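Structural features, examined
Below are the chains, spelled out letter by letter.
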Amino acid sequence: MTRSLKDHGNELFKHGDYLKAAAVYTKAIKEAPSAVLYSNRSAALLKLNKVAKALADAEECVSLDPAFHKGYMRMALALESQQRLEEALDCYRKALEAADNNNTEYAARVKALSKAIGKKGQIAKAQSRRSPAEAAALAFAESKLTYAAELAKEHGSKFAPELFF
């Protein structure tokens, strides 16, 4: 029965019905917990932006099967979405290692995240040299850009910045 539940959850996931997929994976986990099922539910929860729950499932996945590379990848995705970049990088490296260093997606993520962390460090250094007035002006501009991005996401192609700013 668990196998058919897993397959059903996978079909729901493929069709973008992440909430139902997560529910089906939950039912399958209750029948017979496995690393694969926790990994699949973690993926569905990530799609639903339930990051803390997705991370918990990924951690359970890794505890059940430390050699299962997808568990580390799910952990990395959740950690990255929480801006816990150094921890995410460590998980991507573990995923790559568990995949016998034979996964180009993981290798690319390790490279990109390493670069992003380096840039973040450079930005932090530059920000520490700014005057309080510069820092306040940049924070204000960043808040306006964030707000504009939220409006653009909400209104899509109908968004006209000149009407809001």
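My aim in this report is to walk through the structure given alongside it, one point at a time. (Residues numbered from 1 in each chain as written. Predicted model: local features only at pLDDT ≥ 70, side-chain atom pairs only at ≥ 80, totals over all residues. Heavy atoms only, no water.)

We now examine the overall build of the protein. For the protein, the helix and strand inventory stands at nine helices and zero strands. Put simply, the protein has 165 residues, and 34% of those count as buried. For the protein, the proportion of contacts with a sequence separation of at least 24, taken over those separated by at least 6, is 41%. As displayed, the protein offers around 10,600 Å² of accessible surface, 55% of which is attributable to carbon and sulfur atoms. (Helix = DSSP H or I, 4+ residues; strand = E, 2+ residues; numbered from the N terminus. Buried < 20%, exposed > 50% of the residue type's maximum accessible area, 1.4 Å probe, protein only. Contact = heavy atoms within 4.5 Å. Areas by Shrake-Rupley, 256 points an atom, 1.4 Å probe, with all protein chains shown as cover.)

Our focus in this paragraph is the packing of helix 5 (residues 69-81) against helix 6 (residues 85-98). Remark: helix 5 packs on helix 6, axes separated minimally by 8 Å, with the N-to-C direction vectors making an angle of 165 degrees. Classified by the interaxial angle, the pair formed by helix 5 and helix 6 is roughly antiparallel. As for how helix 5 packs across helix 6, the hand of that crossing is left-handed. Residues His 69, Tyr 72, Met 73, Met 75, Ala 76, Leu 77, Leu 79 and Glu 80 of helix 5 touch helix 6, and the partners they reach there are Leu 85, Glu 87, Ala 88, Cys 91, Tyr 92, Lys 94, Ala 95 and Ala 98. Across the contact of helix 5 with helix 6, the residue classes break down as 12 nonpolar, one polar and three charged. (Axes fitted to C-alpha atoms, helices over the stretch in contact; angles between N-to-C directions. Parallel < 35°, antiparallel > 145°, perpendicular 65-115°, else oblique. Left-handed = near helix turned anticlockwise from the far one by under 90°. Nonpolar A, V, L, I, M, F, W, Y, C, P; charged D, E, K, R; others polar.)

Mapped onto the elements, Asn 40 comes out in helix 3 (residues 35-47). The buried category is assigned to Asn 40, whose relative accessible area is 13%. Within the local environment of Asn 40, its side chain forms a polar contact with the side chain of Asn 10, the two groups lying 3.2 Å apart. With sequence-adjacent residues up to four places away left out, Asn 40 is seen in contact with Lys 6, Asn 10, Tyr 25 and Arg 74. (Polar contact = N/O pair within 3.5 Å; in protein donor to acceptor, adjacent residues only side chain to side chain.)

Turning our eyes to something else, we now look at helix 8 (residues 132-155). Look at helix 8: 34 Å from first C-alpha to last across 24 residues, which is about the 34 Å you get at 1.5 Å a residue. At the C-terminal side of helix 8, Gly 156 shows a positive phi close to 60 degrees. (Expected span 1.5 Å × (residues − 1).)

A few words now on the nonpolar core. In this structure, Met 75, Tyr 92, Tyr 106 and Leu 113 are the most contacted members of the largest nonpolar core, which totals 27 residues. Looking at this core, the elements that each hand over two or more residues are helix 3, helix 4 (51-64), helix 5, helix 6 and helix 7 (104-128). Ranked by residues supplied to this core, first place goes to helix 6 with seven residues. Those residues within four positions of Leu 113 in sequence are excluded, and the remaining contacts are Glu 80, Leu 85, Ala 88, Leu 89 and Tyr 92. In terms of nonpolar packing, the next biggest core, distinct from the first, is built from 12 residues, Ala 21, Val 24, Ile 29 and Phe 68 among them. (Core = buried A, V, L, I, M, F, W, Y, C linked by side-chain atoms within 4.5 Å.)

Turning our attention to the environment of Ser 81. Position of Ser 81 relative to the elements: it lies in helix 5. With relative accessibility at 42%, the residue Ser 81 sits in the partly exposed group. Taking the C-alpha atoms as reference points, Ser 81 and Leu 46, 35 residues apart in sequence, are found 9.2 Å from one another.

This brings us to the packing of helix 3 against helix 4. At a closest axis distance of 8 Å, the pairing of helix 3 and helix 4 adopts a crossing angle of 160 degrees. The angle between helix 3 and helix 4 places the two elements in the roughly antiparallel class. Considering only the axes of helix 3 and helix 4, their crossing is left-handed. Between helix 3 and helix 4, the residues in contact are Ala 35, Tyr 38, Ser 39, Arg 41, Ser 42, Leu 45 and Leu 46 and Lys 53, Ala 54, Asp 57, Ala 58, Glu 60, Cys 61 and Leu 64, respectively. In terms of residue class, the contact of helix 3 with helix 4 is made up of eight nonpolar, two polar and four charged.

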